[in-house]
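Spelled out, the chains give:
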Amino acid sequence: MSRVEVDFDLCQGHAECQAEAPDWFTVGKGPEAKVRAKRGEVPADQLEAVQAAVKYCPTQALRLVED
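About the criteria used
- Residues numbered from 1 in each chain as written.
- Predicted model: local features only at pLDDT ≥ 70, side-chain atom pairs only at ≥ 80, totals over all residues.
- Heavy atoms only, no water.
- Helix = DSSP H or I, 4+ residues; strand = E, 2+ residues; numbered from the N terminus.
- Rg over C-alpha atoms; globule rule 2.2 N^0.38 Å.
- Core = buried A, V, L, I, M, F, W, Y, C linked by side-chain atoms within 4.5 Å.
- Buried < 20%, exposed > 50% of the residue type's maximum accessible area, 1.4 Å probe, protein only.
- Contact = heavy atoms within 4.5 Å.
- Expected span 1.5 Å × (residues − 1).
- Salt bridge = Lys/Arg side-chain N within 4 Å of Asp/Glu carboxyl O.

### Examining the overall build of the protein chain
Counting its secondary structure elements, the protein chain contains 2 helices and 4 strands. For the protein chain, the N- to C-terminal ordering of α and β elements is β-α-β-β-α-β. Against the compact-globule benchmark of 11 Å for 67 residues, the protein chain has a radius of gyration of 11 Å, which places it among compact chains. Dimensions of the protein chain along its principal axes, counting C-alpha atoms only, are 35 × 20 × 20 Å.

### Considering the nonpolar core
Ranked by size, the top nonpolar core spans 16 residues in total, and within it Val4, Cys17, Trp24, Phe25, Val35, Val50 and Leu62 carry the most contacts. Listing elements by their share of this core, those giving two or more residues are strand S2 (25–27) and helix H2 (44–56). Ranked by residue count, the leading element in this core is H2, at 3 residues. Leave out the neighbours within four places in its chain, and Val50 touches Val4, Ala21, Trp24, Phe25, Val42 and Leu64.

### Focus on H2
For H2, which comprises 13 residues, the first-to-last C-alpha distance of 19 Å matches the rise-based estimate of 18 Å (1.5 Å per residue) to within 8%. Where H2 is concerned, the buried positions are Gln46, Val50, Ala52, Ala53 and Val54. Looking at the packing, one finds that the buried side of H2 touches strand S1 (2–6), helix H1 (16–20), S2 and strand S4 (62–66).

### Remarks on the pattern of salt bridges
In total, this model carries 3 salt bridges according to the counting rule given. Linking Glu5 and Arg63 is a salt bridge whose minimum nitrogen-to-oxygen distance equals 2.6 Å. Linking Glu5 in strand S1 with Arg63 in strand S4, this pair joins segments that are 58 residues apart in sequence. Several salt bridges share partner residues, and in doing so they unite Arg3, Glu5, Arg63 and Asp67 into one network.

Take a look at the structure:
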């Protein structure tokens, strides 16, 4: 089982995660925009996209945690 953790202090709203895994992440608009991630276990069919989102986050605000 994998789930996503977000460090909101690091997130700058670049939306790279949304580009990589749009079914899992959304980023609001405006200067205070932060990522919103679905909660719970990442389904197997979305795991590769979520892993890419974590990898390409320019501020390393995302982490994939194994339960």
